[in-house]
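Architecture at a glance
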Amino acid sequence: VVLAQLLGKDAFVRCLLRSGYIAIGLIFVALAVQPGLAYQNWGPAPGLRGAFVHKNTMAPCLLVIAAAVLCFHPDRRFRRGFVAFVAVLLFFGQTTTGLATLAVLVFLNMVLSSYLGVVARLGRAAGSLMVASTMVLGVVVAQSFNSIVRLSGKDLTFSSRTVIWEGVTTAIRQRPWLGYGYGVWQNIWVDPILAINLHNGFLVAESHSAPLDLMLRLGIVGLVLYLVQVVSTARVGWRGLLRGDPLGRMALLVVAVIILVGFSESLTAFGIWPALLIVFGSFKGTSGAPLRAASAPPRVRRRIAGRYPVASGRAT
């Protein structure tokens, strides 16, 4: 958070992009140095993880970098190629959550990037049309949910996650407001973790759900505080989107990644992820370079794109 404030908006985005490229490069370094660890064919979580601790740690990082490329890279062909490349990495990572989130991310980016143009053309009918389309899409997804899950190679327990959620929910009911403390998972041999694992019939060291893990550790109070930050960042992102600021679209995509990955993984509730929420929620002004590039003549736009590699472009 401090680094973002010191660098400023444009420099922070450039730093984010370059860090992402380096992280992807380290995946291939890990494959070259220790291929048996970088790509595991055994264990409970097989697949590509590269230099990351776990494939479920790799996936959301790749998704955030893909979102940054979609919002800020000026070359349309590069954006398309990069998204396809990330999809290949997620495929070899065997992460259904990552692939599904990437698909939603691309679709959401297309909708958000064309939102202002659609509203300008449709006028007052735009809001009603979008609400109706969302309802129809929700019904279609709900009706085909079972088929989609089975098509991805998963069962309706999401790799026994629903079993874990039952045990965690039972523990939460006993201390709903303040939870059991942030470090509750550090000792799996005492309650409530012992009771959760006895209920499961197998050992786990996380809830595999960001909201449930927050409530287990910090109670309803912790979950509400986190949701306040999520809503605040989404509001800042929406206002930025209405101004034509790509940082606003990026903030909304980061919120989407955190919510979607948090459905089946706990990590987006802790660590760097709340920090990213705070960072994008703090960028309330307009990012200078993309708007200068959008309003300048072609020759000036090319010059700005060379100096500011985060210039805004059309959607993939």
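The numbering scheme is per chain: residues are counted from 1 as the chain's sequence reads. Only residues with pLDDT of at least 70 are given local features in this predicted model, and only at 80 or more are side-chain atom pairs given and counted; all residues enter the totals for whole chains, interfaces and linings. Excluding hydrogens and water, the side-chain values take into account all heavy atoms of the structure.

What follows concerns the overall build of the protein. A tally of helices and strands in the protein yields 16 helices and two strands. For every residue, the accessible area (1.4 Å probe, protein chains only) is compared with the maximum for its type, and the residue is labelled buried under 20%, exposed over 50%, or partly exposed between those bounds. Taken across its 316 residues, the protein has 42% of its residues classed as buried. Put simply, of all contacts in the protein between residues at least 6 apart along the chain, 69% involve residues at least 24 apart. Counting only carbon and sulfur atoms, one obtains 67% of the accessible surface of the protein, whose full area is about 16,500 Å². The helix count covers DSSP runs of H or I at least four residues long, the strand count covers runs of E at least two residues long, and both are numbered beginning at the N terminus. Two residues form a contact once any of their heavy atoms are found within 4.5 Å. Method for areas: the Shrake-Rupley scheme with a 1.4 Å probe, in which residue coverage is limited to the protein chains shown.

We now examine the pattern of salt bridges. Salt bridge, as used here, is a side-chain nitrogen of Lys or Arg placed within 4 Å of a carboxyl oxygen of Asp or Glu. For the structure shown, the criterion picks out two salt bridges. One salt bridge connects Arg217 with Asp213, and the closest N-O pair in it is separated by 3.0 Å. Residue Arg217 and its partner Asp213 are both found in helix α12 (residues 210-242); the two are separated by four residues, about one turn of the helix. Judged by its relative accessible area of 0%, Asp213 is buried.

Another point: helix α6 (residues 96-113). Two residues of an α-helix separated by three or four positions point the same way, owing to the 3.6 residues in each turn. Expected helix span is given by 1.5 Å per residue-to-residue step, counting one fewer step than there are residues. Compared with an ideal rise of 1.5 Å per residue, which puts 18 residues at 26 Å, α6 spans 26 Å between its outermost C-alpha atoms and is within 8% of the ideal. Every buried residue of α6 is listed here: Gly98, Thr101, Leu102, Leu105, Val106, Asn109 and Leu112. For α6, the angular spread of buried residues about the axis comes to 140 degrees, placing them on one side. Close packing links the buried residues of α6 with α4 (55-72), α5 (76-92), α7 (115-122), α12 and α13 (246-262). The arc in question is formed by the directions pointing from the helix axis toward the C-beta atoms.

Here we take up the environment of Val221. With respect to the helices and strands, Val221 occurs in helix α12. Distance in space between the C-alpha atoms of Val221 and Leu178 is 6.2 Å, their sequence separation being 43 residues. Leaving out residues up to four positions away in the same chain, Val221 has contacts with Trp177 and Leu178.

Moving on: the packing of aromatic side chains. Note on aromatic pairs: the rings of Phe, Tyr and Trp (six-membered ring only in Trp) are paired at centre separations within 6.5 Å, and the planes decide the class, stacked below 30 degrees, edge-to-face beyond 60, tilted for the rest. In total, this model carries 11 aromatic pairs according to the counting rule given. For the ring pair Tyr21 and Phe82, a centre distance of 6.0 Å and an interplane angle of 70 degrees mean the geometry is edge-to-face. Within this pair, whereas Tyr21 is found in helix α2 (residues 9-33), its partner Phe82 is found in helix α5, the two being separated by 61 residues in sequence. Take Tyr21: its relative accessible area is 31%, and that puts it in the partly exposed class. With relative accessibility at 8%, the residue Phe82 sits in the buried group. Consider the rings of Phe78 and Phe82, whose centres lie 5.9 Å apart with planes at 20 degrees: the pair is stacked.

To continue, consider the side chain of Lys55. Tracing the sequence through the fold places Lys55 in helix α4. Charge assignment in this entry is limited to Lys and Arg as positive and Asp and Glu as negative, and neither His nor the chain termini are counted. It turns out Lys55 is buried and unbridged, and the closest side chain with the opposite charge, Glu265, is 8.1 Å from it. There is a polar contact of 3.0 Å between the side chain of Lys55 and the backbone oxygen of Pro46. Of note is the side chain of Lys55, whose polar atom sits 3.0 Å from the backbone oxygen of Gln94. Contact partners of Lys55, with chain neighbours within four places excluded, come to Ala45, Pro46, Leu48, Arg49, Gly93 and Gln94. We call two N or O atoms a polar contact when they sit within 3.5 Å, provided that within protein one can donate a hydrogen and the other can accept it, with sequence-adjacent residues counted only if both atoms are side-chain atoms.

Per-residue confidence from the predictor is reported as pLDDT, which spans 0 to 100. For the protein, the average pLDDT comes to 84, and 84% of its residues sit at 70 or higher. Note that residues 288-297 has pLDDT below 50 and, in this model, 19 contacts with residues that lie over four places away or in other chains.

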